[in-house]
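Coordinates in review
Take a look at the letters that make up each chain.
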Amino acid sequence: MNRENDNQYNEHPEGRQHDTNEQEPAYMDDQHKDAESIEETPPKYRQAIQVEEPIKEQQPPKQKGKVWTGFVSGIAGGILVLAIVAILVFTNVISFGSNTASPSTMGTNNTSTTESSNKTLATQTSTQNLTSAIQDASAAVVGVENLQQTDLFSESEEAGSGSGVIYKKENGKAYIVTNNHVVDGATSLEVTLANGEKAKATLLGTDQISDLAVLEIDGANVDTVATFGTSDDLTVGQQAIAIGNPLGAEFAGSVTQGIISGLDRSVAVDSNNDGTEDWVTEVLQTDAAINPGNSGGALINANGEVIGINSMKIAQEEVEGIGFAIPIDAAKPIINQLEKSGKVERPYVGIGAVSLDQVPQVNAQQTLNLPEGVTQGVVLAQVVENSPAADAGLQQYDVITKIDDQDITSMVDLRSYLYSDKKIGDKVTVTYYRDGKKETTKLTLAKDQTAQSEQSTQQQQQ
């Protein structure tokens, strides 16, 4: 073994990498030069050299495939982020504050912001329209003062007040509908317009049963006329606004808002305050506040159209928010008749009667001699001469139990059937009992030629 070669390689400092191309120092001896001239080192010595040399970590070769993979991944990530942002925008999670067009305002499925804006605009428009409708209708609502003179030497004083609605202006005159009880007993009437102007009013006609009356005034200062709507297609829950003068002129033009609480409510009316119900009227029920002085005023819808004439309010301590109005479709024909003829022409029979349950039981048994099963009907206390009843052969103490197929238990039933379902000239079949025997007769309804509206506490006329 050649140890000189070993010594030659051991002379290199530890950790220094041997380089065969490096120039040897000048002081190197010839022996070393000879060793350098050897072209090939035996394998065993080469192995020794490799062991003693410090091992240098090899750098992994650069791979071009990884570079392209990173580049593609970056592009894919960017596309994913853009897709997520687009989804958030289109679902309105992200919105743009500027006025420029953006995806949130362009997609057909993005309606949240638009609907919100539309709702706000619709609410503002609806409120403006309602305010305008109320203002227009209020201009046609007037105050009505009932002036009465107690004696010849005293001046007329206000005995009561209410409201009215100007529904027509023609030939220099204006026409007002109000309640009968507002003008009842008046020696003169005065109307206060919405603008504060006052005018004397002429009473054209009244109807006690419907509680309606029509007045006429000079139309020179009248600028607004109410628009009649319809009450036949109303629904419960629909908006209703009452306009009138509660508690007199001090609160003129007051407006209260509510809804239609009920339709076709039947309310019994004692028109002459005798303690007996004279009539059952069909009215609208509303929770819009109707106070004393509101009577005769307008009940309007959201369009400002009159759908009812305020008439009655239940005034009981335990009841609040229940007011009534005459449906305008029921009031229209009555208003027309009052304006033209001063009264309402209804079918006339020519009788005065009381309900059977008002007759003492002893008299019913001894005088009327009714069968045990007959407990309801009306007893004729009077039959007017030359009337339809007299022509049909009806007599005093006859007990009417039916007209046509309609059971009659009271004068309210009789009037309701005749006034609602029949007209002048119609023929009806009357079923009655006379001296305990059941009879029928034909009767032709006539036009009332007499003042048959007067009633007493003992009998009511029809």
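What you see is a predicted model; the values in this text were computed from it and never measured. As a convention, each chain's residues are numbered from 1 in the sequence order in which they are written. Selection of residues for local features in this predicted model requires a pLDDT of at least 70, selection of side-chain atom pairs for listing and counting requires 80 or more, and totals for whole chains, interfaces and linings are taken over all residues. To obtain the side-chain values, all non-hydrogen atoms of the structure were used and water was disregarded.

A short note on the overall build of the protein chain
By the criteria applied, helices consist of DSSP H or I runs no shorter than four residues and strands consist of E runs no shorter than two, each listed in order from the N terminus. Within the protein chain one finds 11 helices and 21 strands. Working definition: with a 1.4 Å probe on protein chains only, accessible area under 20% of the residue-type maximum means buried, over 50% means exposed, and in between means partly exposed. The proportion of buried residues among the 462 residues of the protein chain is 37%. Note on contacts: a residue pair qualifies if any of its non-hydrogen atoms lie within 4.5 Å across the two residues. Counting contacts in the protein chain only where the partners sit at least 6 residues apart, residues at least 24 apart contribute 62% of the total. Per-residue and other accessible areas follow the Shrake-Rupley method at a 1.4 Å probe size, with only the shown protein chains counted as cover for residues. Approximately 27700 Å² of the protein chain is accessible, and the part contributed by carbon and sulfur atoms is 48%.

Brief notes about the nonpolar core
As used here, the term nonpolar core means buried Ala, Val, Leu, Ile, Met, Phe, Trp, Tyr and Cys residues forming a set that is joined through side-chain atoms within 4.5 Å. Counting 25 residues, the largest nonpolar core has Val 165, Val 177, Leu 212, Ile 300, Val 306 and Ile 309 as its most contacted members. At five residues, the largest contribution of residues to this core is made by helix H8 (residues 328-341). Apart from the residues lying within four places of it in its own chain, the contact partners of Ile 309 are Val 165, Val 177, Asn 179, Leu 212, Gly 296, Gly 297, Ala 325, Ile 326 and Ile 328.

A closer look at empty space enclosed by the protein
Cavity and pocket criteria rest on a 1 Å grid covering protein atoms alone: a 1.4 Å probe that fits but cannot get out defines a cavity, protein on both sides within 12 Å along at least 5 of 7 lines defines an open pocket, and an atom within 4 Å of a point defines a lining residue. Grid points are joined across faces, edges and corners, and a volume is the space filled by probe spheres set on the points. A full pass over the atoms with the stated rule returns two cavities of 30 Å³ or more. Looking at the largest cavity, its volume works out to about 50 Å³. Sorting the residues of the lining of the largest cavity by element identifies strand S16 (399-403), helix H11 (411-421) and strand S18 (427-434) as the ones contributing at least two each. Residues were grouped as follows: Ala, Val, Leu, Ile, Met, Phe, Trp, Tyr, Cys and Pro as nonpolar; Asp, Glu, Lys and Arg as charged; and all remaining residues, including Gly, as polar. Looking at the lining of the largest cavity residue by residue, the class counts come to 10 nonpolar, no polar and no charged.

Things to note about the sheet that holds strand S6 (residues 212-218)
Here, strands pair whenever DSSP counts at least two bridges between them. Ordered by their spatial adjacency, six strands build a closed barrel running S1-S2-S3-S6-S5-S4, and the pairing between neighbours is antiparallel. Each strand axis lies, on average, 40° off the axis of its neighbour in the sheet, ignoring direction. The pairing of strand S2 (residues 157-170) with strand S3 (residues 173-178) spans five bridges and is antiparallel. Within S3, the residue paired with Val 165 across the bridge is Val 177. Across the sheet, H8 lies against S2, S3, strand S5 (198-207) and S6, angled at about 50° from S6, the strand it touches most. Axes here refer to lines fitted to C-alpha atoms; in helices the fit is confined to the stretch in contact. Angles between the N-to-C directions go from 0 to 180 degrees.

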